[in-house]
Amino acid sequence: MQIFNPATGGYIKTIGEDRFIDLQAEYDVIVAQHQQWKATPLSERIALMQKFGVQMEKRKDKIAAVLTEEIGKPTWQSYNEINGAIGRVKWLTDNAEKYLSDELITHSDTLYEKITYEPIGVVCVISAWNYPYLVGVNAFVTALLAGNSVLYKPSEYALLTGMEIDRLMYYAGVGNHAFRLILGGRATGEKMTELPFDGYCFTGSYKTGKAVLKKVTERMAPCQLELGGKDPVYVMDDIDDIPKVAAAVADGAFYNNGQSCCAVERVYVHENIYDAFLESFLATVKSWKLGYPTEEGVYFGAITRRSQLQVLQSQVEDALSKGATLRLGGKIISHTGNYFEPTVLTEVNHRMAVMTEESFGPVIGIMKVKDDNEASQLMADTEYGLTAGVYSKSKERAEKVLSRINSGTSYWNCCDRLTPGLPWSGRKHSGYGGATLSHLGFRTFTRPRAWQMKSPEA
């Protein structure tokens, strides 16, 4: 597989055939070695994952450079991602003992009841390219801490980063008996879903996630899916600092070029502040630099997947044909790399794809609304259910609107963020089968066993 730099179009390297190993053989090896990892004491698994975090810190400059070259995100955003992953590893290792230890329910002279949290077994993890470290850590670090073995397939758009992760695991001392790397494209992912893993974890599009679920459901194996979103934000008319809020929402929409599952993809603004908000929003976006991701001060880097450029162009043209107004950008930039102009559309509605279908790029629609009721109805009008946000001085007013939205995460005066102590999960077309992060993330990669033990004298 040839790998190209999305920012320049230049050739990086070719992954030789010797790296594409026999999938069945790899599966057989990791199954045969699983009991060894399962029997490893939790304290040792924690120590090894801590060493994985240390290796990320030690090799940060190298892996950030690889991430930027391969994915096209600005260098400072690559550092942000790696630092975030290091922070998550710390939270997971700090809390693993608390959430994976036996849970005592009843303890008396005659009755002893407890819950143990046992590993699922050998888990298939198929990861995403947009945040390969963050998305990966959420799954494979948690799974390994819980005593599972992991066969890990990075996206074909993040093969080099996947290989770096594999090296980090090796340097941390995990070896390859509990964590094994699989390289390949779509066909390899499909073959992985045909193998009888004990559990599956997939991050990607709704379409692909649905296909994964259909294949593995027959085996009644746990399947955790983290899929896309069409995440809304509503800006109420009681906010004090309009420029500050506009900048925060713009960052939520355009960080990582909008290539985030929880990026803001729809903005609804109360009519009383609409004009002022739009002016500030446009000023903010215009102030951000577009260029090569390795350049100083660049905010907008490259689009990772070249095919996405046409998706974005199609959404813009569809919106304009149905009456939208183009306020900024709107077209593919002619370049050997993959670049799309930061784009802002107004006079939009829900007959337009830009307001109903996932964009996954630097394109946003901003819509004027007359009140909270209209905003909540429009926010809820989606097949997705990942996140939703409200900016307001009133917590009560914000919660009233957010309670009407069927989403896994609700934001008040923030957006496009995750924290390791809270569960990350989607509803409807945004996710299925459990959560990652928080104590619930550990539960996703375990099976509970109930123990009821009575004294002979009872």
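Note on numbering: residues in each chain are counted from 1, in written sequence order. Given that this is a predicted model, residues contribute local features only at a pLDDT of at least 70 and side-chain atom pairs are listed and counted only at 80 or more, while totals for whole chains, interfaces and linings are drawn from all residues. Calculation of side-chain values draws on the structure's entire complement of heavy atoms; hydrogens and water are dropped beforehand.

Engineer: An account of the packing of aromatic side chains is needed here, citing residue identities and associated values.
Structural biologist: Note on aromatic contacts: the rings of Phe and Tyr and the six-membered ring of Trp form a pair at centre separations within 6.5 Å, being stacked when their planes are under 30 degrees apart, edge-to-face when over 60 apart, and tilted otherwise. Summed over the entire model, instances satisfying the criterion amount to 19 aromatic pairs. Aromatic pair Trp76 and Tyr255: ring centres 5.8 Å apart, planes at 75 degrees, arrangement edge-to-face. Note that Trp76 is positioned in helix H4 (residues 75–100) and Tyr255 in the loop between helix H9 (242–254) and strand E11 (264–270), a separation of 179 residues in sequence. Residue Trp76 is classed as partly exposed on the basis of its relative accessible area of 36%. One aromatic cluster in this structure is built from Trp76, Phe254, Tyr255, Phe277, Phe281, Trp288, Tyr299 and Phe300. Geometrically, a charge over a ring is one whose NZ (Lys) or CZ (Arg) sits within 6 Å of the ring centre while staying within 35 degrees of the ring normal. Its end group placed over the ring of Trp451, Lys114 keeps NZ or CZ at 5.1 Å from the ring centre. For the cation-ring pair, Arg443 lies above Tyr117, with the distance from its terminal atom to the ring centre recorded as 3.7 Å. The numbering of helices and of strands both runs from the N terminus, where a helix is a DSSP run of H or I of at least 4 residues and a strand a run of E of at least 2. Think of it in three bands: residues with accessible area under 20% of the maximum for their type are buried, residues over 50% are exposed, and the middle band is partly exposed, with areas taken using a 1.4 Å probe on protein chains only.

Engineer: How would you explain the sheet that holds strand E8 (residues 199–203) if you had to name every residue and give the values?
Structural biologist: Paired strands, as defined in this entry, are two strands with at least two bridges between them according to DSSP. With mixed pairing, the six strands of this open sheet are ordered in space as E7-E6-E5-E8-E9-E23. Edge positions in the sheet fall to strand E7 (179–181) and strand E23 (431–432), since each of these pairs with one other strand and no more. Where strand E9 (residues 223–226) and E23 come together, two bridges link them in antiparallel fashion. Its bridge partner being in E23, Glu226 is matched across the sheet by Gly431. In what follows, residue pairs with any heavy atoms lying within 4.5 Å of each other are defined as contacts. The angle between two axes is taken between their N-to-C directions and runs from 0 to 180 degrees, where each axis is a line fitted to C-alpha atoms and a helix contributes only its stretch in contact. Where helix H6 (residues 159–172) meets the sheet, it contacts strand E6 (149–153) and E7, and its direction lies at approximately 150 degrees from that of E7.

Engineer: For the packing of helix H2 (residues 42–58) against helix H5 (residues 132–145), give the residues involved together with the corresponding values.
Structural biologist: Taken N-terminus to C-terminus, the directions of H2 and H5 make an angle of 160 degrees; their axes are 10 Å apart at the nearest point. Comparing the axis directions of H2 and H5 gives the class roughly antiparallel. Along this stretch, H2 crosses H5, giving a crossing that reads as right-handed. Where H2 abuts H5, its residues Leu42, Arg45, Ile46, Met49, Phe52 and Met56 lie against Tyr133, Val137, Phe140, Val141, Leu144 and Leu145. Residues were grouped as follows: Ala, Val, Leu, Ile, Met, Phe, Trp, Tyr, Cys and Pro as nonpolar; Asp, Glu, Lys and Arg as charged; and all remaining residues, including Gly, as polar. Residues belonging to the contact of H2 with H5 are distributed by class as follows: eleven nonpolar, no polar and one charged. Put simply, angles under 35 degrees are roughly parallel, angles over 145 are roughly antiparallel, angles from 65 to 115 are roughly perpendicular, and the rest are oblique. Throughout, a crossing is termed right-handed when the near helix is turned clockwise from the far one, and left-handed when it is turned anticlockwise from it by less than a right angle.

Engineer: Go over the sheet that holds strand E4 (residues 111–119) with me, naming the residues and quoting the values.
Structural biologist: Strand pairing within a sheet occurs via backbone hydrogen bonds; the two strands may be parallel or antiparallel. The strand order across the open sheet built from three strands is E3-E4-E24, with neighbouring strands paired in antiparallel fashion. Looking at strand neighbours, the two that pair on one side only are strand E3 (103–107) and strand E24 (446–454), the edges of this open sheet. Taking the axes of each pair of neighbouring strands and ignoring which way they run, one obtains an average angle of 15 degrees across the sheet. As paired strands, E3 and E4 are joined by four bridges and run antiparallel to one another. What sits directly across from Glu103, in E4, is Ile115.

Engineer: Please give an account of helix H10 (residues 274–287) that cites residues and values.
Structural biologist: Residues spaced three or four apart along an α-helix face the same direction, because each turn holds 3.6 residues. Expected helix span is taken as 1.5 Å per residue step, with the number of steps being one fewer than the number of residues. Its 14 residues give H10 an end-to-end C-alpha distance of 20 Å, which sits within 8% of 20 Å, the value for a rise of 1.5 Å per residue. Restricting attention to buried positions, one finds in H10 the residues Tyr274, Phe277, Leu278, Ser280, Phe281, Leu282, Thr284 and Val285.

Engineer: Requested: an account of the environment of Ser307, with residues and values cited.
Structural biologist: Here Ser307 lies in the loop between strand E13 (298–300) and helix H11 (308–321). You can call Ser307 partly exposed: its relative accessible area is 43%. As a C-alpha pair, Ser307 and Leu227 span 80 residues in sequence and 19 Å in three-dimensional space.

Engineer: Describe in detail the nonpolar core, supporting the description with residues and values.
Structural biologist: By nonpolar core we mean a set of buried residues, namely Ala, Val, Leu, Ile, Met, Phe, Trp, Tyr and Cys, connected to one another through side-chain atoms within 4.5 Å. Ranked by size, the top nonpolar core spans 94 residues in total, and within it Phe52, Met56, Phe140, Val235, Val249, Phe277 and Phe281 carry the most contacts. Residue contributions to this core peak at ten residues, all from H5. Discounting chain neighbours no more than four positions away, the residues touching Val249 are Val233, Val235, Val264, Val267, Phe277, Phe281 and Tyr391.

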